[in-house]
Amino acid sequence: MTATRVLVLNSGSSSVKYQLLDMVTGRRPAAGIVERIGEPASRHLHTGADGERRERVRRMADHEAALESVAGELAADGMGLDSPELLAIGHRVVHGGEAFSAPVAVDEEVEAEIERLIPLAPLHNPGNLAGIRTARALNPALPQVAVFDTAFHRTMPEHAARYALDVATADEHRIRRYGFHGTSHAYVCRKTAELLGRELSELNIIVLHLGNGASASAVAGGRCVDTSMGLTPLEGLVMGTRPGDLDPGVIIHLARVAGMSVDGIDHLLNHRSGLTGLCGDNDMREICRRTDEGDEAARLAFDVYVHRLKKYIGAYYAVLGRVDAVVFTAGVGENAAPVRAAAISGLEELGPAVRAELNFARTEGPRLISPEYARVAVAVVPTDEELEIATQTYELVTREAGG
Ligand code: AMP
């Protein structure tokens, strides 16, 4: 039997999400999530091939227990980690630092490097690593591939990746702009080229990944030349609970004048800022609903969000020189027509424009929302990070096997 399936694992700090993808048929015979790892009532929700959903609630002390539960559910459906149809596991790894600009087959050296990168992503890389180690222990013969959120942005030129900080200090602590959401930006660019019926190598694209976390990137001929997230996923656009760009003096002020601790500031910036900080809601659906009802705080949150988006679109126009497409993706980008309309409104002189009937139409899949006369295409392209991770894993493993 030929191995055509890839298991994608996204092993976070307290959860493991997974999807099994068949790279020949395009089917996804299994998927699920284990949540609240380490708590007394961890929850495992599994959906099998026939769409049957199973839920189990019991204590899973660590990632090892969680992955054993995942392997058990897959085996119960005849799709266990030793199944001859399973080609490889593709792991999402958040931080690949400067070392990784492409997916890699995991070996001890790769594991050690992911571990060395933990100080740069203390919330993410430990869970990612635990997932890799446990999966390797469960089936040492199965190829494991690490796909990094940062890799797509490694093509950024030095002048975009550098902060204007003292070089010795920055280098000692590996402080530079790495960028995140790379698998999404890469996938969306490829899909945009397909949608436009053009070669990716000919296109300059601005990608707006607007989810709970949000980032923009400027992509020239398929290569990222700038992105809005930096050393951490805090920089750039306004997000659900993160402020994006901020005068670094604010942090000094919070410490020196407001007397906040480093942990207190960390919590404020990661959980109590952004849309939540401005209006108490991080869900754009709710914000649009409240805005329609005349809620002032929600209106301000919406306006701050859109203003920052526009600034990045303008900045990336300047970086790219010529733009062929502006593309919206992720939860807000794919669903919030009012955000898309407001972000593009007033930019018509630059080239992009939005046609209201197309923008507000309830259509799924990649689509253009710009009128035919627009010099720059505006598109909505649903992202699919699992498919991108599976594709990169499949390509690497079949290439290495000489397939
Ligand atoms: P993601 O991180 O890509 O899953 O995006 C999650 C976010 O998408 C949520 O926090 C919502 O703000 C937003 N979202 C999802 N569906 C909608 C919708 N129908 N309209 C507006 N925003 C939405």
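For the structure itself, look to the data block above.
Just so you know, these numbers come straight off a predicted model, no measurement behind them.

*Asks:* Residue-level account of the overall build of the protein chain, with values.
*Replies:* When helices and strands are counted, the protein chain shows 15 helices and 14 strands. For the protein chain, the spread of C-alpha atoms along the three principal axes comes to 55 × 55 × 45 Å. Taking all 403 residues of the protein chain together, the buried fraction comes to 51%. Accessible surface, the protein chain: about 18200 Å² in total, of which carbon and sulfur atoms supply 51%. Taking the average location of the 41 positive side-chain charges in the protein chain and that of its 55 negative ones, the two points are 2 Å from each other.

*Asks:* Tell me about the layout of surface pockets, residues and numbers included.
*Replies:* In this approach a probe as big as a water molecule rolls over the atoms, and the regions it shows empty are the leftover space. By volume, the second largest pocket is sized at about 350 Å³. As for the second largest pocket, its lining consists of 13 residues, of which Glu334, Asn335, Ala361, Arg362 and Arg367 are closest to the centre. Looking at the lining of the second largest pocket, the elements with two or more residues in it are α12 (330-335), α13 (337-344) and α14 (356-360). Sort the elements by how many residues they give to the lining of the second largest pocket and α13 lands first, with three residues. Broken down by class, the residue content of the lining of the second largest pocket amounts to five nonpolar, three polar and five charged.

*Asks:* How would you explain the packing of aromatic side chains if you had to name every residue and give the values?
*Replies:* By the definition in use, this model includes two aromatic pairs. On the numbers, 4.3 Å between centres and 5 degrees between planes, the contact of Phe100 with Phe148 is stacked. Note that Phe100 is positioned in the loop between β6 (86-93) and β7 (104-105) and Phe148 in strand β8 (residues 144-148), a separation of 48 residues in sequence. Residues Tyr312 and Tyr316 carry aromatic rings whose centres are separated by 5.7 Å and whose planes lie at 75 degrees to one another, so their mutual orientation is edge-to-face.

*Asks:* Lay out the sheet that holds strand β4 (residues 42-47) with the relevant residues and their values.
*Replies:* Strand order across the open sheet formed by eight strands is β5-β4-β3-β2-β1-β6-β8-β7, with mixed pairing between neighbours. Among the strands making up the open sheet, the edge pair consists of β5 (53-58) and β7. Taken together, the two bridges between β7 and β8 define a ladder with antiparallel strand orientation. Residue pairing in the sheet places Ala105 in a bridge with Val145 of β8.

*Asks:* Break down the packing of helix α6 (residues 182-196) against helix α15 (residues 385-400) for me, citing the residues and quoting the values.
*Replies:* Packing of α6 against α15 leaves a shortest axis separation of 9 Å and a crossing angle of 90 degrees. Taken together, the axes of α6 and α15 are roughly perpendicular relative to one another. On the side of α6, the interface is formed by Thr183, Ser184, Ala186, Tyr187 and Arg190, while α15 contributes Glu385, Leu387, Glu388 and Ile389. Taken together, the residues that form the contact of α6 with α15 break down as four nonpolar, two polar and three charged.

*Asks:* Let's hear about the side chain of Asn125: which residues, and what values?
*Replies:* Along the chain, the position of Asn125 falls in helix α3 (residues 125-138). Among the polar contacts made by the side chain of Asn125, one reaches the main-chain carbonyl oxygen of Ile114 at a distance of 3.4 Å. If sequence neighbours within four positions are ignored, Asn125 has contacts with Val93, Val94, His95, Ile114, Leu117 and Ile118.

*Asks:* Quick rundown of the packing of helix α1 (residues 63-76) against α3? Include the residues and the values.
*Replies:* Where α1 meets α3, the closest approach of the two axes is 9 Å, and the angle between their N-to-C directions is 55 degrees. As far as their axial angle goes, α3 and α1 are oblique. The hand of the α1/α3 crossing is right-handed. Seen from α1, the contacting residues are His63, Glu64, Leu67, Glu68 and Ala71; seen from α3, they are Gly127, Ala130, Gly131, Thr134, Ala135 and Leu138. Here the contact of α1 with α3 is composed, by residue class, of five nonpolar, four polar and two charged.

*Asks:* Outline unusual backbone geometry, supporting the account with residue identities and numerical values.
*Replies:* Even without glycine at this site, Arg174 takes up a positive phi of about 55 degrees. With respect to the helices and strands, the residue Arg174 is situated in the loop between α5 (167-172) and α6. The partly exposed category is assigned to Arg174, whose relative accessible area is 30%. Unusually for a residue other than glycine, Ala330 sits at a positive phi of about 70 degrees. The residue Ala330 is located in helix α12 in this model. The exposure class assigned to Ala330 is buried, which follows from its relative accessible area of 5%.

Reading guide: rules and limits
Residues numbered from 1 in each chain as written. Predicted model: local features only at pLDDT ≥ 70, side-chain atom pairs only at ≥ 80, totals over all residues. Heavy atoms only, no water. Helix = DSSP H or I, 4+ residues; strand = E, 2+ residues; numbered from the N terminus. Buried < 20%, exposed > 50% of the residue type's maximum accessible area, 1.4 Å probe, protein only. Areas by Shrake-Rupley, 256 points an atom, 1.4 Å probe, with all protein chains shown as cover. Lys, Arg positive; Asp, Glu negative; His and termini not counted. Charge placed at Lys NZ, Arg CZ, Asp CG, Glu CD. 1 Å grid on protein atoms, 1.4 Å probe; cavity = no way out; pocket = protein on both sides within 12 Å on 5 of 7 lines; lining within 4 Å. Points joined across faces, edges and corners; volume = space filled by probe spheres on them. Nonpolar A, V, L, I, M, F, W, Y, C, P; charged D, E, K, R; others polar. Phe/Tyr/Trp six-rings, centres within 6.5 Å; stacked < 30°, edge-to-face > 60°. Pairing = 2+ DSSP bridges. Axes fitted to C-alpha atoms, helices over the stretch in contact; angles between N-to-C directions. Parallel < 35°, antiparallel > 145°, perpendicular 65-115°, else oblique. Contact = heavy atoms within 4.5 Å. Polar contact = N/O pair within 3.5 Å; in protein donor to acceptor, adjacent residues only side chain to side chain. Left-handed = near helix turned anticlockwise from the far one by under 90°.

The quantities given are spatial measurements derived from coordinates; they are silent on function.
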